[in-house]
Amino acid sequence: MHPPALLQLQAVLQDHIDRGLLPGAVALIEHRGQRVLHAALGAQGPGTGAPPMARDTVFRIYSMTKPIVSLAVLMLMEQGRLQLAHPVSRYLGGFAGQSVYTPEGGRPVQREATLHDLLRHTAGLSYAWDETPVAQTYRVARIGSRQHSNQQLAQNLGPLPLLRDPGTAWEYSRATDVLGAVLEVIEGQPLGAVLQRLILQPLGMEDTGFSVPETQQHRLAEPLAKDPTTGAAVNLIDVSRPPVFESGGGGLVSTAGDYARFLQLMLGGGEREGVRLVSRATLAFMTADHLGSIPVAGDILPPGHGFGLGVAVRRETGLAARPGSAGQYGWSGLGGTVFFVDPAEELFAVLLTQAPGLLNHWIELYPALVYAAL
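Please read all numbers here as calculations on a predicted model, not as lab measurements.

(A) Expanded view of the sheet that holds strand β10 (residues 312-314). Across the sheet, which stays open at both edges, the seven strands sit in the order β2-β1-β13-β12-β11-β10-β9 with antiparallel pairing between neighbours. Whereas interior strands pair on both sides, the edge strands pair on one side only; in this sheet they are β2 (34-42) and β9 (305-307). Taken over all neighbouring pairs, the strand axes of this sheet differ in orientation by 15° on average, direction set aside. With respect to the sheet, helix α10 (residues 359-371) is in contact with β1 (24-31), β11 (329-333), β12 (337-342) and β13 (347-352), its orientation differing from that of β12 by roughly 40°.

Written out as structure tokens, the structure is:
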């Protein structure tokens, strides 16, 4: 990689910090097995008293939780403990007898949602970010409440009407939260314990979990109090104590170094430093496009992209407005975090900030800065 371009990447991040757009950031890049960048810039939070950003600063990674939970599901598939073709209702009874919303009161689904549907977000579920009648039912049922456990979420969500028939469209949704409940049922443990045993502990991801221990909270990154572009208050999830809701879709905290261990496993075909968690074939299956001709609802997936099992997958080098190779995969987190893996270039990159208002900005800009260094 080209060192001046890596310096330019850091200069762009520093410029955003100097302009008050974010307190600080951590950027990490590995190329062909070598760590070429691991930079901490700015401060861990706003104000003159905030400690400087460090390479081991802890961030709320929100939806970058999804690939980790999805991998855990595939590990149980390899053990013969579940099948992706199984209906969700086999594990969570509240998902039996689902219906699709209609103004007249709903109709039965054409087929039941499966675990495969949950992994690729084709289960007919939603995140209820709009004002549709289905979104209103989510709000009445308090879907996503931090006071509800995964099992309570599944019990409340299962009977609600679907947006559409399973398998007929991609819609970003609470699906990975439901997978967290499935993992708990199969393993007989809380999701956090399941992830620790299957993935986090074997990979040495010591700073990754659903809360930050009191002794380590001085390392937690915090956002600006108000979004610098809109003036709206910025409120991120409280990770100072173990939550009731261990959200498989968006609850983990982590560091750039910890998440790099996970991405080393992914780029390594399921193995990292002699620790193998899944087969090469399963990892390739996870990061292949699982949508094909299934239409995509909304504008979250850019042109030229499909979706695998927990990650977006780039189908073509062209079409999207940001650089990347066909076969690249990755995802982001609501708090302002981004990662991607490019097997063709033997490359992965992570950017961690706590600036939710700039997420879409970094989703576009960060890949451009990283690929400029190749």
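Text resumes after the structure shown.
(B) Quick look at empty space enclosed by the protein. Scanning the entire structure with this criterion turns up two cavities of 30 Å³ or more. Considered as a void within the structure, the largest cavity measures approximately 70 Å³ in volume. For the lining of the largest cavity, a count of residues per class yields nine nonpolar, three polar and two charged. Volume-wise, the second largest cavity comes out at about 30 Å³. Every residue along the wall of the second largest cavity is listed here: P23, G24, A43, Q44, M53, A221, E222 and Q354. In terms of residue class, the lining of the second largest cavity is made up of four nonpolar, three polar and one charged.

(C) Quick peek at the side chain of S126. With respect to the helices and strands, the residue S126 is situated in the loop between α3 (115-120) and α4 (133-140). Given a relative accessible area of 4%, S126 falls into the buried group. Here the side chain of S126 touches A128 through a polar contact of 2.7 Å, landing on its backbone nitrogen. If we skip the residues at most four places from it in the chain, S126 touches Y138, L163, E171, Y172, S173 and R174.

(D) Region of the structure containing the side chain of N150. Among the structural elements, N150 can be located in helix α5 (residues 150-157). Those residues within four positions of N150 in sequence are excluded, and the remaining contacts are D177, G180, A181, E184, L191, F245, E246 and S247.

(E) Representation of α4 in the model. Taken together, the buried positions of α4 are V134, A135 and Y138. Angular distribution of buried residues about the axis of α4 spans 100°; they occupy a single face of the element. Residues of α4 that are buried sit in contact with α5. One or two steps after α4, the chain reaches R142, where phi turns positive at roughly 55°.

(F) The arrangement of the pattern of salt bridges in detail. With the rule as written, the count across this model stands at 18 salt bridges. In this structure, D238 engages R241 in a salt bridge whose closest nitrogen and oxygen atoms are separated by 2.8 Å. We classify D238 as partly exposed; its relative accessible area is 42%. Three or more residues are tied together by salt bridges with common partners; here these are D56, D207 and R219.

(G) Structural context of the nonpolar core. Counting residues in each nonpolar core, the largest one holds 87 residues, and the members touching the most others are I199 and F262. Sorting elements by how many residues they give to this core places helix α2 (residues 66-78) first, with eight residues. Among all residues touching F262, those that are not within four sequence positions of it are P67, I68, L71, I199, L203 and M205. I29, W362, V370 and A373 belong to the second largest nonpolar core, which has 29 residues in total.

(H) Just the pairing of β1, in detail. Along β1, eight of the eight residues are buried, which leaves the element largely enclosed by surrounding structure. The alternating pattern of β1 places G24, V26, L28 and E30 and A25, A27, I29 and H31 on opposite faces, both of which are buried. Taken together, the eight bridges between β1 and β2 define a ladder with antiparallel strand orientation. Across the sheet, the residue bridging to G24 is G42, located in β2. From the end of β1 to the start of β2, which pair antiparallel, there are two residues, and R32 there has a positive phi angle of about 50°. The pairing of β1 with β13 spans six bridges and is classified as antiparallel. Residue V26 lies in a different strand from β13, and its bridge partner there is L352.

Calculation criteria
Residues numbered from 1 in each chain as written. Predicted model: local features only at pLDDT ≥ 70, side-chain atom pairs only at ≥ 80, totals over all residues. Heavy atoms only, no water. Pairing = 2+ DSSP bridges. Helix = DSSP H or I, 4+ residues; strand = E, 2+ residues; numbered from the N terminus. Axes fitted to C-alpha atoms, helices over the stretch in contact; angles between N-to-C directions. Contact = heavy atoms within 4.5 Å. 1 Å grid on protein atoms, 1.4 Å probe; cavity = no way out; pocket = protein on both sides within 12 Å on 5 of 7 lines; lining within 4 Å. Points joined across faces, edges and corners; volume = space filled by probe spheres on them. Nonpolar A, V, L, I, M, F, W, Y, C, P; charged D, E, K, R; others polar. Buried < 20%, exposed > 50% of the residue type's maximum accessible area, 1.4 Å probe, protein only. Polar contact = N/O pair within 3.5 Å; in protein donor to acceptor, adjacent residues only side chain to side chain. Arc of directions from axis to C-beta. Salt bridge = Lys/Arg side-chain N within 4 Å of Asp/Glu carboxyl O. Core = buried A, V, L, I, M, F, W, Y, C linked by side-chain atoms within 4.5 Å.

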